Amino acid sequence: MKKIKHFSLIFLFSFNVSAAFTEPEMSQLNEINERYIKKENDSRENLSVAIKESIANLPKEKSNILKLHELWSHATKIKCRLAILESLNTDAETASKYECLANEYN
């Protein structure tokens, strides 16, 4: 029984040590995440411009355009949540989420 406990402790300790990141790795991960966050922000801004142009071209349809945008935004968030299920709680979660959102906004 002691051997099993000892093995378990060694296994858990080695897992925790191997999961730690070095500073360069953390920096790279942050850069990747920031790049995808920026891509999502740019895409959302482009979508906003397209919505404003649509409203300017079809002022009588403003309420329908805004309602469609609201529904599409909600559907996009759900779609992206489902699309990144495999990356939840991993290092890739942030980048995957924002990449999906950016692609949907485009």
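About the criteria used
- The numbers attached to residues start from 1 for each chain and follow its sequence in the written order.
- pLDDT decides what is reported in this predicted model: residues at 70 or higher carry local features, side-chain atom pairs at 80 or more are listed and counted, and totals for whole chains, interfaces and linings draw on all residues regardless.
- To obtain the side-chain values, all non-hydrogen atoms of the structure were used and water was disregarded.
- Between Lys or Arg on one side and Asp or Glu on the other, a salt bridge is scored when a side-chain nitrogen of the former is within 4 Å of a carboxyl oxygen of the latter.
- Numbering goes from the N terminus for both helices and strands, where a helix is a DSSP run of H or I of at least four residues and a strand is a run of E of at least two.
- Whether a residue is buried, partly exposed or exposed follows from its accessible area with a 1.4 Å probe, protein chains only, as a fraction of its type maximum: under 20%, in between, or over 50%, in that order.
- Throughout, an axis means a line fitted to C-alpha atoms (over the contacting stretch in the case of helices), and angles, computed between N-to-C directions, take values from 0 to 180 degrees.
- Angles below 35 degrees are treated as roughly parallel, those above 145 as roughly antiparallel, those between 65 and 115 as roughly perpendicular, and all remaining angles as oblique.
- Note on convention: the crossing is left-handed when the near helix lies turned anticlockwise from the far helix by less than a right angle, right-handed when the turn is clockwise.
- Any two residues whose heavy atoms approach within 4.5 Å are treated as being in contact.
- Note that Gly is not counted as nonpolar here; it falls among the polar residues with everything else outside the nonpolar set of Ala, Val, Leu, Ile, Met, Phe, Trp, Tyr, Cys and Pro and the charged set of Asp, Glu, Lys and Arg.

A separate point is the pattern of salt bridges. Applying the stated rule across the entire model yields 3 salt bridges. Put simply, E40 and R44 hold a salt bridge, and the shortest N to O gap is 3.0 Å. Residue E40 and its partner R44 are both found in helix α2 (residues 23-57); the two are separated by 4 residues, about one turn of the helix. By relative accessible area, E40 is classed as buried at 4%. R44 gets classed as partly exposed once you look at its relative accessible area, which sits at 40%. In this structure, the salt-bridge partner of E104 is K79, at a minimum N-O distance of 3.0 Å. Of this pair, E104 sits in helix α4 (residues 93-105) while K79 sits in helix α3 (residues 62-83), and the two are 25 residues apart along the sequence.

Orientation of α3 relative to α4, taken along the N-to-C sense of each, is 140 degrees, at an axis distance of 9 Å. When the axis of α3 is compared with that of α4, the two are oblique. Seen from above, α3 lies across α4 with right-handed handedness. Across the interface between the two elements, W72, T76, K79, C80 and A83 of α3 pack against C100, L101, E104 and Y105 of α4. For the contact of α3 with α4, the per-class residue count stands at 6 nonpolar, 1 polar and 2 charged.

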